[in-house]
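Report on the structure
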Amino acid sequence: MRLGSSCRWQLSRAMRLALRGCRLCLPWRGSEGAGMKPRISRRLLELWSYSRLLLKSLCFNSLSDSDTLLDCAFEPVYWIVDNTTRWFGVVFVWLVVLLTTSVVVIIYLFVLPTIISTYSFPWVVWHLCCGHWLLVMVVFHYYKATTTSPGHPPKDRINIPSVSICKKCITPKPPRTHHCSICNTCVLKMDHHCPWLNNCVGHLNHRYFFSFCIYMTLGCIYCSVSSRELFLDAYGAIERYYQTPPPKDTFAGTVAHKCVIFLWVLTSSVAVALGGLTLWHFLLISRGETSVERHINRKETKRLRAMGKVFRNPYHHGRINNWKLLFGVERRSHWFTRVLLPSSHPPDGDGIIWDCIFTRRDPMAI
């Protein structure tokens with residue numbers, strides 16, 4: 001009933017404005033001589049203003065602005081990117097699994113036998129322990145990062161602390177919560193959506209994601225350094241293939257040389273690229289920020305600086321405490337059992353209520 005009356009009211013208002021505009025188009029009496037042109041221009045300006053008013057009255061919204069119009073214009077582009085990323089996420093996960101498996105197979109077939117046959121016994125033991133420890137940590141943290149939910153605001157609870165309402169989910173948003181357009185849901189302490197995990201990085205799996213980045217980077221560095229001599233030999237052998245006449249190498253030797261070159265190039269490239277990403281997240285964690293909050297805090301810092309004020313991140317508890325909060329370190333022994341060994345312990349807090357430096361000075365006095 002209200003919808004019908006509102007439509008009739010809008011229609012009658014549009015008709016009144018249209019009639020008023022048509023009345024302005026009619027020639028005025030007494031418009032002769034030199035005063036004709038100013039009056040015509042004035043009538044055209046009034047007609048233009050009424051036309052704009054008519055258009056705004058039909059599509060007016062108090063929440064509309066230029067950003068909203070741009071979002072509406074680029075909505076098809078956003079939809080294509082979101083759905084493409086969601087579909088490619090599965091491909092990226094399988095790509096990580098296949099590339100990691102290929103590296104492990106090459107290490108077992110070519111690198112590890114060379115280490116065992118040429119190195120002394122203590123070095124062989126060190127390589128076996130270090131290499132398998134890195135492999136276990138990479139596999140464990142990647143599995144947990146991809147399969148663990150990042151955490152979402154509870155929908156069955158009404159009285160939860162919130163700072164705003166999500167325009168997409170139409171639900172309260174707790175502090176540090178943001179909406180992921182790819183997952184189409186709100187994520188607690190959202191950092192970003194990682195296509196290599198096909199999952200969001202949030203409150204419950206942030207530690208797994210960062211630990212995977214660290215151990216994958218260390219593993220790639222280890223493989224690159226361990227296979228350096230083999231890579232140089234294989235590269236020299238590949239160059240000799242183009243000599244005249246070519247050397248009489250066996251097929252197995254040729255395959256081994258190409259596999260070692262593939263191993264070294266892949267691990268070195270990943271170590272550089274993933275190492276840069278790991279360093280960036282290292283700085284963010286030290287500041288008590290996520291990737292999303294970094295952009296928000298930079299804008300807030302500029303805004304307050306223009307007002308002569310200083311911005312303070314309310315979730316920055318000091319570098320050491322920030323790392324303790326991320327890894328869930330409550331005792332000194334946890335640096336070994338929860339950081340250097342696989343651990344499935346939950347993160348500190350529920351992701352809804354956060355300790356703030358303005359309300360609690362030392363949230364984790366360890």
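Heads up: these notes are all about the structure in this document. (Residues numbered from 1 in each chain as written. Predicted model: local features only at pLDDT ≥ 70, side-chain atom pairs only at ≥ 80, totals over all residues. Heavy atoms only, no water.)

Attention now moves to the packing of aromatic side chains. Per the counting criterion, the structure on display carries 13 aromatic pairs. Look at F282 and W323: their rings are 4.9 Å apart centre to centre, the planes differ by 40°, and that puts the pair in the tilted class. Here the residue F282 occupies a position in helix 8 (residues 251-286), and W323 occupies one in helix 10 (residues 319-327), the gap between them amounting to 41 residues. The partly exposed category is assigned to F282, whose relative accessible area is 39%. By relative accessible area, which is 11% here, W323 ends up buried. Of the aromatic side chains, those joined through ring pairs into one cluster are F210, F282, W323 and F327. The aromatic ring of Y315 is capped on one face by R176, whose charged end is 4.4 Å from the ring centroid. Lying across the ring of W354, R176 places its NZ or CZ 4.7 Å from the centre. (Phe/Tyr/Trp six-rings, centres within 6.5 Å; stacked < 30°, edge-to-face > 60°. Helix = DSSP H or I, 4+ residues; strand = E, 2+ residues; numbered from the N terminus. Buried < 20%, exposed > 50% of the residue type's maximum accessible area, 1.4 Å probe, protein only. Lys NZ or Arg CZ within 6 Å of the ring centre and 35° of its normal.)

This part takes up the packing of helix 5 (residues 121-147) against helix 6 (residues 206-226). Axes are the key here: two packed helices are described by the angle between their axes and the distance separating the axes. Orientation of helix 5 relative to helix 6, taken along the N-to-C sense of each, is 145°, at an axis distance of 8 Å. In this structure, helix 5 meets helix 6 at a crossing whose hand is left-handed. Of the residues in the contact of helix 5 with helix 6, the class split is 16 nonpolar, six polar and one charged. (Axes fitted to C-alpha atoms, helices over the stretch in contact; angles between N-to-C directions. Left-handed = near helix turned anticlockwise from the far one by under 90°. Nonpolar A, V, L, I, M, F, W, Y, C, P; charged D, E, K, R; others polar.)

In contact at an axis separation of 8 Å, helix 6 and helix 10 are set at 105° when each is read in the N-to-C sense. With respect to each other, helix 6 and helix 10 are oriented roughly perpendicular. Judged by residue contacts, H206, R207, F210 and S211 of helix 6 engage W323, L326 and F327 from helix 10. The residue inventory of the contact of helix 6 with helix 10, partitioned by class, reads four nonpolar, two polar and one charged. (Parallel < 35°, antiparallel > 145°, perpendicular 65-115°, else oblique. Contact = heavy atoms within 4.5 Å.)

Turning to the nonpolar core, a few remarks are in order. Formed by 30 residues in total, the largest nonpolar core has its most connected members in V103, I107, Y142, L197, F209, M216 and L263. Only helix 4 (75-118), helix 5, helix 6 and helix 8 provide two or more residues apiece to this core. With nine residues, the top contributor of residues to this core is helix 6. If sequence neighbours within four positions are ignored, F209 has contacts with A145, H192, C194, L197, V201 and H281. Counting residues in each nonpolar core, the second largest holds seven residues, with W323, F327, V329 and V339 among its members. (Core = buried A, V, L, I, M, F, W, Y, C linked by side-chain atoms within 4.5 Å.)

The next thing to look at is the environment of I261. In this fold, I261 is placed in helix 8. Each C-alpha atom, one on I261 and one on L230, is 8.4 Å from the other, the two residues being 31 residues apart in sequence. Those residues in contact with I261 that lie beyond four places of it in its chain are F231, A234, Y235 and I238.

It is worth spelling out helix 7 (residues 228-240) at this point. For helix 7, spanning 13 residues, the distance from its first C-alpha to its last is 19 Å, which sits close to the expected 18 Å at 1.5 Å a residue. Taken together, the buried positions of helix 7 are occupied by F231, A234, G236, A237 and I238. (Expected span 1.5 Å × (residues − 1).)

Attention now goes to unusual backbone geometry. A positive phi is found at R176, a non-glycine position, where the angle reads about 70°. Following the sequence through the fold, R176 ends up in the loop between strand 2 (172-173) and strand 3 (178-180).

Under the criterion given, the structure shown has four salt bridges. With its nearest N and O atoms 3.2 Å apart, the salt bridge here joins E229 to R228. The partly exposed category is assigned to E229, whose relative accessible area is 48%. (Salt bridge = Lys/Arg side-chain N within 4 Å of Asp/Glu carboxyl O.)

Here the focus is helix 10. Among the residues making up helix 10, those that are buried are N321, N322, W323, K324, L326 and F327. Positive phi shows up at G328, right after helix 10, with a value of about 70°.

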